[in-house]
Amino acid sequence: MSRTKHVTGLLFTTLLLISGNSVQADARQQFPLNVGHSVLTSMLEASRADRYYQIQSKTSVVSFSIDSIAGLAKGRFNEFKGGIALQPESANNGQVVFVIKSDSLSTSNSAIDKVVTSKSYLDVERYPEILFVSSSFTWLSESTGLLKGKLTLHGVTQEVAFQVGLSGVKKNKVGNSEAILVKIATSISRSKFGMKLMKKVVSDRVALSMTIRAKKQSSISKEQLAAISSYSGSR
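Residues numbered from 1 in each chain as written. Predicted model: local features only at pLDDT ≥ 70, side-chain atom pairs only at ≥ 80, totals over all residues. Heavy atoms only, no water.

**Student:** Mind laying out the packing of aromatic side chains, listing which residues take part and the relevant values?
**Tutor:** In this structure the tally under the stated criterion is four aromatic pairs. For the ring pair Phe 64 and Phe 77, a centre distance of 5.6 Å and an interplane angle of 45 degrees mean the geometry is tilted. Taken together, the residues Phe 64 in strand E2 (residues 61-68) and Phe 77 in strand E3 (residues 71-77) connect sequence positions 13 residues apart. Taking 5.2 Å as the distance between ring centres and 85 degrees as the angle between the ring planes, the aromatic pair formed by Phe 137 and Trp 139 counts as edge-to-face. Here the two residues Phe 137 and Trp 139 agree in accessibility, since each one is buried. (Phe/Tyr/Trp six-rings, centres within 6.5 Å; stacked < 30°, edge-to-face > 60°. Helix = DSSP H or I, 4+ residues; strand = E, 2+ residues; numbered from the N terminus. Buried < 20%, exposed > 50% of the residue type's maximum accessible area, 1.4 Å probe, protein only.)

**Student:** So, the pattern of salt bridges: which residues are in play, and what are the values?
**Tutor:** Overall, the coordinates contain two salt bridges when judged by the stated rule. The partner of Glu 79 in a salt bridge is Lys 101, and the shortest N-O contact between them spans 3.8 Å. One end of the pair, Glu 79, is in the loop between E3 and strand E4 (80-85); the other, Lys 101, is in strand E5 (residues 95-101), and 22 residues separate them in sequence. One salt bridge connects Glu 178 with Lys 216, and the closest N-O pair in it is separated by 3.5 Å. One end of the pair, Glu 178, is in the loop between strand E9 (156-167) and strand E10 (179-189); the other, Lys 216, is in strand E11 (residues 202-216), and 38 residues separate them in sequence. (Salt bridge = Lys/Arg side-chain N within 4 Å of Asp/Glu carboxyl O.)

**Student:** Outline unusual backbone geometry, supporting the account with residue identities and numerical values.
**Tutor:** Unusually for a residue other than glycine, Asp 50 sits at a positive phi of about 60 degrees. Along the polypeptide, Asp 50 turns up in the loop between helix H2 (37-48) and strand E1 (52-55). Its identity is not glycine, yet Ser 108 carries a phi of approximately 65 degrees, on the positive side. Topologically, Ser 108 is positioned in the loop between strand E6 (105-106) and helix H3 (110-116).

Okay, here's the thing in structure tokens:
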């Protein structure tokens, strides 16, 4: 099994290296990723109502996978942070802010990591953060929902939708739990985010999944919210 995984990794790396040699410069520019005032206000109000949960990165997992002719490549991001503001069923306007440090990507293969974080793909020096800001959350059942919002990746912002499963909270009992477990999943088209190389041998679809553990935090300040919604201050 380990030999097969090693061979798959070598093949995938070769494909990425080949595609990287043909990368073209584009017109996108680096820009600071900002979370809007209305979003932060919504989260502040949720914290005062005991409905704000801060993501615990040490016990959470953010992973991705992409298929290719060399096999399935899997990886994860090791540095991320954010918050979740839940509202009861009648509101249907829960808020999520989530930011990932791009260069924290890991596939357990340093050669793949180097190529994926290079200018050919994520270009982490130019775009050091991946940001998701939700626009709506709709309860679909007692413990599932649909999360929609804007994902900014590789300098491009696109609307995305996540299927959500929640443990420790139900739509009519929001705020009762001190900790919650949230599982979300979707797939995105990498070409829509400006990463168009080698689509014939490396799939255009990237599967994203997150297992998020979050703890309730009351009366959070604007400064604390700003700190968990960007890595900009630490660069």
